[in-house]
Amino acid sequence: MSSPPVHGAPRTAGIRPAPRPWMDADLEMLRDTARRFFERECVPHEARWTAQHHADRDIWKKAGQAGLLCASIPEEYGGGSGSFLHEAVICEEQATAMVAAFSNNVHSGIVAHYILAYGSEAQKRRWLPRMATGELVAAIAMSEPGAGTDLQRIKTSAQRDGGDYLISGSKTFITNGHHANLVCVAVKTDTAAGAKGVSLVMVETDGLEGFRRGRLLEKLGQKTMDTTELFFDGIRVPADNLLGGEEGRGFTQLMQQLPQERLLIAVGAVATMHRAIAETTDHVRQREIFGKPLMALQNTRFKLAECQTQATVARSFVDDCIGRLLRGELDVPTAAMAKWWTTQTNCQIVDECLQLFGGYGYMTEYPISRLYADVRVGKIYGGANEVMKEIIARAMDR
Ligand SMILES: Cc1cc2nc3c(=O)[nH]c(=O)nc-3n(C[C@H](O)[C@H](O)[C@H](O)COP(=O)(O)OP(=O)(O)OC[C@H]3O[C@@H](n4cnc5c(N)ncnc54)[C@H](O)[C@@H]3O)c2cc1C
C-alpha cells in the first residue's frame, strides 16, 4: 500500500524552519489569506483546469478581491501598497500549494512594475487599478519563434502611422496568454538597430482588430497554465501606449527589471523544494519496506537530510537577496546566481524525492510527479541558466 496522494500542502518536515528575517504580522496575515485562497479557490479545480489547459477567468477577479493582485503597487493606483515582500509571500504560498494556473508573478511582479517604473501618470491610472481588480489580466510578450534568448533578433515591428503604431508579428510561449487583455509587447521600433531598436508597447486586446491568440500550447508540466502564441496582424495601438516616452528604451527597461523577476523565480523554487521534501517525508514515514518504514533505511535518511540542507541553504541565500533587493543593492549577477542555483537545485531535489516514491512517484495522481514536470521549466525561462552563468562569469572577468 502506498500513502494516498496529499491534496493540501503538508507543511511540517519535522524541523523547525529558520525564522524569516523580514516576516511581520502584516505579512503573516497576507500569508494566511494567500494560503486559504490557493487551497480553497484553486486546488479543488486542478483536474478540470488541467483538462482545459487554463484556469477559469473569474479566478483573476477572485484574486483581486482577496487582495492578492498588485500587492506591491501603491494604493493610489489601486494596489496593496506593499513591497517585494508581499509579492514574495504570495509567490511562496502559490508554489507551496502547487498552483501554476495563473501567473501572478507575471501580472503583479513583472508587468505592473514595468508600468509603475516607466509609465506616465496617465498610463499608471489607466491600467494599474484595473489590474489590481483582475479586470485586466497582464502578460509580457518578448519571445518569438525565432528569438528567445537572443531578444535583439525579435521581428515584431511597430511603425508610426500618425498618432498610432501599427504592430505586426507573432509571439510564442506567452504565460497568461489565453486570458490576457493587457499585453506588454517587445517590438522593434527601428528594425535596423539591434538592442537600441527595441521598445515596449502596451496593447489592450479587447475587441482589437488584427489581434489573434494561437492555440493553448501542450506542455510537459504546468498544465493548468494558459501558455499561448499571440499574433498581431497590423494592429493599431495609440502611440501613447509606448512605455518610457521614448522609442528604443525597451532593452534597457527589460534589463533593469530582471533582478526582481529572477528573484521571484528563485523564491518560488525554494518554496517548491520545501513542499517536495515535506511530501516525501510524509510518504517514507508511512511506506513499509522490509518490515520497517522506508524512512528507516539509511539511504532514505541521507537523501532527505541532503535535500533538507540544500533547501535550507537556498532559503537563506534567497532571504539575503530579498534583503539586498529591498535596500536597492541586488545586482544582476547575484540575482542570476539565485535564479540558476535555486532552479537547478529544485530539479535535483524533486528528482531525489520522486525516486523515494518508487513507482507511485511516476503516477500523475501523486503531487511529486506533477512537481517533477512543473519545475523543469525553471532552468529555461526567465533567462536560461547558461545565460545566468555567463552573466556571473562576465562580472568576474572585468
Ligand atoms: C512555460 C514557459 C513560459 C514562458 N513564458 C514566457 C512569457 O510569458 N513571455 C515571454 O516572452 N517568454 C516566455 N517564455 C519563453 C522563455 O523565456 C524562453 O523559452 C527562454 O528565454 C529561452 O528561449 P528559447 O526557448 O528561444 O531558447 P533558445 O534561445 O533557442 O535557447 C536554447 C538553449 O540554448 C542554450 N543557450 C542559450 N543562450 C546561451 C548562452 N548565452 N550560452 C550558452 N548556452 C546558451 C540554453 O541551454 C537554452 O536553453 C516561456 C517559456 C516557457 C517554456
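All figures in this text were calculated on a predicted structure; none of them were measured in a lab.

All right, on to unusual backbone geometry then. Of note in this structure, C70 is not a glycine but carries a positive phi near 55 degrees. Mapping C70 onto the fold places it in the loop between α3 (58-65) and α4 (84-96). Using a relative accessible area of 0% as the deciding quantity, one classes C70 as buried. A positive phi angle, close to 60 degrees, is found at S81, a residue other than glycine. Its place among the elements puts S81 in the loop between α3 and α4.

Take the pattern of salt bridges next. One pass over the structure, following the stated rule, counts 23 salt bridges. For D56, the salt bridge goes to R48, with nearest N and O atoms at 2.7 Å. A salt bridge links R324 to D320; the nearest nitrogen and oxygen atoms lie 3.2 Å apart. Of this pair, R324 and D320 both sit in helix α8 (residues 298-326), separated by four residues, roughly a single helical turn. Classification of R324 by relative accessible area gives partly exposed; the value is 24%. Here the salt bridges do not stand alone but share partners, grouping R20, R31, R35, E92, E93 and D319 into one network.

Covered by surrounding structure in strand β1 (residues 138-141) are A138 and I140 together with A139 and A141, the residues of both alternating faces. Pairing of β1 with strand β4 (residues 182-188) involves four bridges; the strand directions are parallel. Looking across to β4, one finds that A138 is bridged to L182.

Before going further, it helps to spend a moment on the packing of α4 against helix α5 (residues 104-118). Where α4 contacts α5, the axes come no closer than 11 Å and their chain directions differ by 170 degrees. Looking at the two axes, α4 sits roughly antiparallel to α5. Taken together, the residues of α5 that come into contact with α4 (itself represented by E87, I90, C91 and Q94) are N104, N105, S108 and G109. Of the residues belonging to the contact of α4 with α5, the class tally is two nonpolar, five polar and one charged.

Rules of the game
- Residues numbered from 1 in each chain as written.
- Predicted model: local features only at pLDDT ≥ 70, side-chain atom pairs only at ≥ 80, totals over all residues.
- Heavy atoms only, no water.
- Helix = DSSP H or I, 4+ residues; strand = E, 2+ residues; numbered from the N terminus.
- Buried < 20%, exposed > 50% of the residue type's maximum accessible area, 1.4 Å probe, protein only.
- Salt bridge = Lys/Arg side-chain N within 4 Å of Asp/Glu carboxyl O.
- Pairing = 2+ DSSP bridges.
- Axes fitted to C-alpha atoms, helices over the stretch in contact; angles between N-to-C directions.
- Parallel < 35°, antiparallel > 145°, perpendicular 65-115°, else oblique.
- Contact = heavy atoms within 4.5 Å.
- Nonpolar A, V, L, I, M, F, W, Y, C, P; charged D, E, K, R; others polar.

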